[in-house]
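Each chain, letter by letter, is given below.
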Amino acid sequence: MFTRRKVLWVAVVLVFLTALGVFLSGGDLSRYRSLSQGALSLRQKNQELLAENAKLRAEIEALKADSKVVERALREELGYIRSDEIIFSFEGP
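Residues numbered from 1 in each chain as written. Predicted model: local features only at pLDDT ≥ 70, side-chain atom pairs only at ≥ 80, totals over all residues. Heavy atoms only, no water.

Describing the overall build of the protein chain
Test applied: The numbering of helices and of strands both runs from the N terminus, where a helix is a DSSP run of H or I of at least 4 residues and a strand a run of E of at least 2. Based on C-alpha atoms, the radius of gyration is set beside the globule rule, defined as 2.2 Å times the residue count to the power 0.38. Using a 1.4 Å probe on the protein chains alone, a residue whose accessible area is under 20% of its type maximum counts as buried, one over 50% counts as exposed, and one in between counts as partly exposed. All accessible-area figures derive from a Shrake-Rupley calculation using a 1.4 Å probe, and residue coverage is judged against the displayed protein chains alone.
Counting its secondary structure elements, the protein chain contains three helices and zero strands. When the helices and strands of the protein chain are listed from N to C terminus, the series reads α-α-α. Since a compact globule built from 93 residues should have a radius of gyration of about 12 Å, the 34 Å found for the protein chain marks it as more spread out than a globular shape. Overall size of the protein chain, expressed as C-alpha extent along the three principal axes, is 110 × 40 × 10 Å. When each of the 93 residues of the protein chain is scored for burial, the buried share is 2%. As displayed, the protein chain has an accessible area near 9,100 Å², and 63% of this comes from carbon and sulfur atoms.

With respect to the pattern of salt bridges
Defined as follows: Should a side-chain nitrogen of Lys or Arg be within 4 Å of a carboxyl oxygen of Asp or Glu, the pair is scored as a salt bridge.
Within the structure shown, the criterion is met by five salt bridges. A salt bridge links Glu61 to Lys64; the shortest N-O distance between them is 3.8 Å. In this pair, Glu61 and Lys64 are both assigned in helix α2 (residues 27-65), three residues apart and thus about one turn of the helix distant. Residue class for Glu61 comes out partly exposed when judged on its relative accessible area of 47%. In this structure, Glu71 engages Arg82 in a salt bridge whose closest nitrogen and oxygen atoms are separated by 2.6 Å. Remark: Arg82 occurs in the segment after α3 (67-78) and Glu71 occurs in helix α3; sequence separation between them is 11 residues. What makes Arg82 partly exposed here is its relative accessible area of 44%.

Without other data, these values stay purely geometric and don't point to any function.
Written out as structure tokens, the structure reads:
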């Protein structure tokens, strides 16, 4: 007959085989790897966005503090000119 010791060993072997089957099937392991890679990618993107935000904050502070920076931005981005300036436009052949 089955003794408690034999039943315990059978249960341990069944649990071990079940765990081994789950591990070797790769379903959960591949999902873990995929999620880990996705998390790493998101961390890198987050770092890039933090750096861009810091750059934009510095630009905002410069625009608030320095009128020459404001003038440069207006000229470069919006094409503004002073009232005493003349624009010459040369067209190619």
